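Inside the fold
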Amino acid sequence: MKNIFALPALFFIIFLHSQTHRFVYELQYKMDSAEAGYEKLNMLLDINPKEVKFYGHNLLVTDSLNKKFGTNNSHTDMSGQIVKRKINTYDNTNFIAIKEGYYSFKTTDKISWVISDETKKVENYTLQKAFTRFGGRNWTAWFCKDIPFNEGPYKFRGLPGLIFELSDSKKNFIYNLIKSQELSGTFPTDNFVESNFGNKAIPINERQKVKLTLDFYNDPFAFERNNFSKANTNLKININGKEIHTVDELNTQTKSMQQIIRKYNNPIEIDKAVHYKEY
């Protein structure tokens, strides 16, 4: 993390000019808690004078390529960690893609920290240790008082300095700060956070989110199944590269998809995990 930041005093000066402070975290996470290996993503924490946003770097890349080449590609962030909030609050707007839909729902996520006296040196930065329990997991954070932002990855905030490192006790989710940038103006994300490449987020509540998630699990190929009901004997449907010709084949694909959904049911807020039945 050498030379990531300018002198801390400069942050206050730059902040007054409505810039966006971008912090890039490498996220290692397990989609299946029983697996040894990790998926890796770069996640962006954007802080401007009004809002804080956290989202996947791949969303930004797709949007940039669309603007550069005039394409209309889309990307679905599979981390389940797209959030935004007003500065200095715990009131989050969460964004999630379910099947073909894109949705937003609000949560209040107060986080209480226990700050340790333990410190460590990383490059030129002194980091201090802190603990919290959030989302059904126990977390350890290392933050830097010299960087004057009380923010961090995802919904984690409220420490007297920026979070550099964060992980849960079972090492299912590991964040490490790897880079920072200063962007002129407030960086717009309307096309890939507040909407998903033309698919504007539909406001729902958490109960509706669970229902939509369960509806998808119970019949992940509902649209394809509806096509079969039209009695087209020559119908060919492609699912993940496999041609489906009969209802029995579709049912087999449905069971396989349900198995995958159950296997990779390891959200960051494990206390809100949807409980799927095995049929």
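The sections below set out a description of the structure shown in this document.

Criteria and thresholds
Residues numbered from 1 in each chain as written. Predicted model: local features only at pLDDT ≥ 70, side-chain atom pairs only at ≥ 80, totals over all residues. Heavy atoms only, no water. Helix = DSSP H or I, 4+ residues; strand = E, 2+ residues; numbered from the N terminus. Pairing = 2+ DSSP bridges. Contact = heavy atoms within 4.5 Å. Axes fitted to C-alpha atoms, helices over the stretch in contact; angles between N-to-C directions. Buried < 20%, exposed > 50% of the residue type's maximum accessible area, 1.4 Å probe, protein only. Parallel < 35°, antiparallel > 145°, perpendicular 65-115°, else oblique. Salt bridge = Lys/Arg side-chain N within 4 Å of Asp/Glu carboxyl O.

**Points about the environment of Ile 47**
Within the element layout of this structure, Ile 47 appears in strand S2 (residues 39-47). Ile 47 sits 104 residues away from Glu 151 along the chain, and the two C-alpha atoms are 8.6 Å apart.

**Brief notes about the sheet that holds S2**
On the basis of which strands lie adjacent, the open sheet formed by 12 strands has the order S7-S8-S9-S10-S11-S1-S2-S3-S4-S5-S6-S14 and mixed pairing. Looking at the sheet topology across the chains shown, the edges are occupied by strand S7 (114-122) and strand S14 (202-203). With six bridges connecting them, strand S9 (residues 137-144) and strand S10 (residues 162-168) associate as antiparallel partners. Bridge pairing in S10 links Trp 139 to Asp 168. Across the sheet, helix H3 (residues 206-218) touches strand S5 (91-98) and strand S6 (101-108), and the angle it forms with S5 is around 15°.

**Here we look at unusual backbone geometry**
Although it is not a glycine, Lys 171 adopts a positive phi angle of roughly 55°. Looking at the element boundaries, Lys 171 is found in the loop between S10 and strand S11 (173-183). You will see that Phe 197, though not glycine, has its phi angle at about 50°, which is positive. Among the structural elements, Phe 197 can be located in the loop between strand S12 (195-196) and strand S13 (199-200).

**A few points about the pairing of strand S8 (residues 125-134)**
Counting buried residues along S8, seven of its 10 residues qualify, which places the element largely inside the surrounding structure. Where S7 lies against S8, six bridges are found, and the strand directions are antiparallel. Following the sheet pairing, Val 114 is matched in S8 by Phe 131. As paired strands, S8 and S9 are joined by seven bridges and run antiparallel to one another. Paired with Phe 131 across the strands is Thr 140, a residue of S9. Between S8 and S9, which follow one another and run antiparallel, lie two residues, and Gly 135 among them has a positive phi close to 65°.

**Quick notes on the packing of H3 against helix H5 (residues 247-263)**
As a packed pair, H3 and H5 sit with axes 9 Å apart at the nearest point and diverge in direction by 140°. As judged from the angle between their axes, H3 and H5 are oblique. Between H3, through Phe 216, Tyr 217 and Asn 218, and H5, the contact on the second element is made entirely by Thr 254, Gln 258, Ile 261 and Arg 262.

**What about the pattern of salt bridges?**
When their charged atoms lie close together, side chains carrying opposite charge are able to pair. According to the stated counting rule, one finds 19 salt bridges in the structure shown. Between Lys 211 and Asp 215 there is a salt bridge, with its nearest N and O atoms 2.8 Å apart. Of this pair, Lys 211 and Asp 215 are both found in helix H3, four residues apart, which corresponds to roughly one turn of the helix. In this structure Asp 215 comes out as partly exposed when scored by relative accessible area, which is 37%. Sharing partners across several salt bridges, the network here consists of Asp 109, Lys 155, Glu 206, Glu 269 and Lys 272.

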